[in-house]
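An overview of the molecular structure
One letter stands for each residue in the lines below.
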Amino acid sequence: MFNKILVPLDGSALAERAIEQLEKMAKGSVAEVLLLKVVPAPLGKAPEAGQMEESKAFAESVNRSTAYLKKIAARLDAISIKSRILIPSGEPYAEILAAAHKEDVDCIVMSTHGGTALSRVLLGSTAEKVVYTTKRPVLLIKPKEVLAAHLDEGEVFAGAAR
């Protein structure tokens, strides 16, 4: 069904919930999974930080991200899912969209962090920006805590009918 699936991760357990769904989608298919982790861009010319220290911190962040994604790739490889690692630098939603376009993915699978409406207004939601900006299908995986707190769909429709 899909040839390329992009899975943005941030290293959190919430983000990794997308992997469970991905395994169901990609197992037994020929899909290539692109595992993406965005590394914050270096600050540039920050006199207090110093260029050498900043470059070292950036390189360490890239190394940690690579090790993290290799661990996820090994998990996928164990169940015969082909994957590739992408580690861009910059603003997460912009890098997700850029990778989706450049790699011409068929689908983006990512989890939401279940933020409140207020936090989305103040901080913005990466998942929300991706969903509203891309023309590609996006599968959003909600955290278990949020799923448990929401009403059943039947309850919502029953309430609307009253």
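Everything numeric here is computed off the predicted structure, so don't read it as measured data.

Things to note about the side chain of K37
Checked against the element boundaries, K37 lands in strand β2 (residues 32–37). Among buried Asp, Glu, Lys and Arg side chains, K37 stands out as unpaired, with D10 the closest opposite charge at 7.0 Å. Of note is the side chain of K37, whose polar atom sits 3.5 Å from the side chain of S65. Not counting residues within four places of it along the chain, the set of residues in contact with K37 comprises L9, D10, G11, S65, Y68, L69, L86, I87 and P88.

Focus: the environment of V131
Topologically, V131 is positioned in helix α5 (residues 126–133). In the structure, V131 is positioned 34 residues away from L97 in sequence and 9.7 Å away in space, judged by C-alpha atoms. If we ignore the near neighbours within four places in the chain, the residues touching V131 are V138 and L140.

Some remarks on the pairing of strand β4 (residues 107–111)
Judged by how many residues are buried, β4 sits mostly within the fold: five of five residues are covered. Two strands pair when backbone bridges link them, and strand β1 (residues 4–9) and β4 are joined in this way by two bridges, in the parallel orientation. Bridge pairing in β4 places I5 opposite C107. Relative to strand β5 (residues 138–141), β4 runs parallel, the two sharing four bridges. The residue of β5 that forms the bridge with M110 is L140.

A word on the sheet that holds β1
Taken in spatial order, the five strands of this open sheet run β3-β2-β1-β4-β5, and their pairing is parallel. Two strands bound the open sheet, and with one partner strand each, they are β3 (82–86) and β5. Sheet twist, expressed as the average angle between the axes of neighbouring strands with direction ignored, equals 20°. Across six bridges, the pairing between β1 and β2 is parallel. Paired with K4 across the strands is E32, a residue of β2. Along the sheet face, helix α1 (residues 13–26) touches β1, β2, β4 and β5 and points at about 165° away from the line of β1. Of the strands in this sheet, β4 and β5 touch α5, which is tilted by about 160° from β4.

A short note on the pattern of salt bridges
Per the counting criterion, the structure on display carries six salt bridges. Residue E20 is joined to R17 by a salt bridge in which the shortest nitrogen-to-oxygen separation is 3.9 Å. Separated by three residues within a single helix, E20 and R17 lie in helix α1, roughly one turn from each other. Overall, the relative accessible area of 14% leaves R17 in the buried class. One continuous salt-bridge network, built from bridges that share partners, spans K4, E32, R84 and E103.

Rules used in this analysis
Residues numbered from 1 in each chain as written. Predicted model: local features only at pLDDT ≥ 70, side-chain atom pairs only at ≥ 80, totals over all residues. Heavy atoms only, no water. Helix = DSSP H or I, 4+ residues; strand = E, 2+ residues; numbered from the N terminus. Buried < 20%, exposed > 50% of the residue type's maximum accessible area, 1.4 Å probe, protein only. Lys, Arg positive; Asp, Glu negative; His and termini not counted. Salt bridge = Lys/Arg side-chain N within 4 Å of Asp/Glu carboxyl O. Polar contact = N/O pair within 3.5 Å; in protein donor to acceptor, adjacent residues only side chain to side chain. Contact = heavy atoms within 4.5 Å. Pairing = 2+ DSSP bridges. Axes fitted to C-alpha atoms, helices over the stretch in contact; angles between N-to-C directions.

Note that all results are geometric; they support no functional claim without further evidence.
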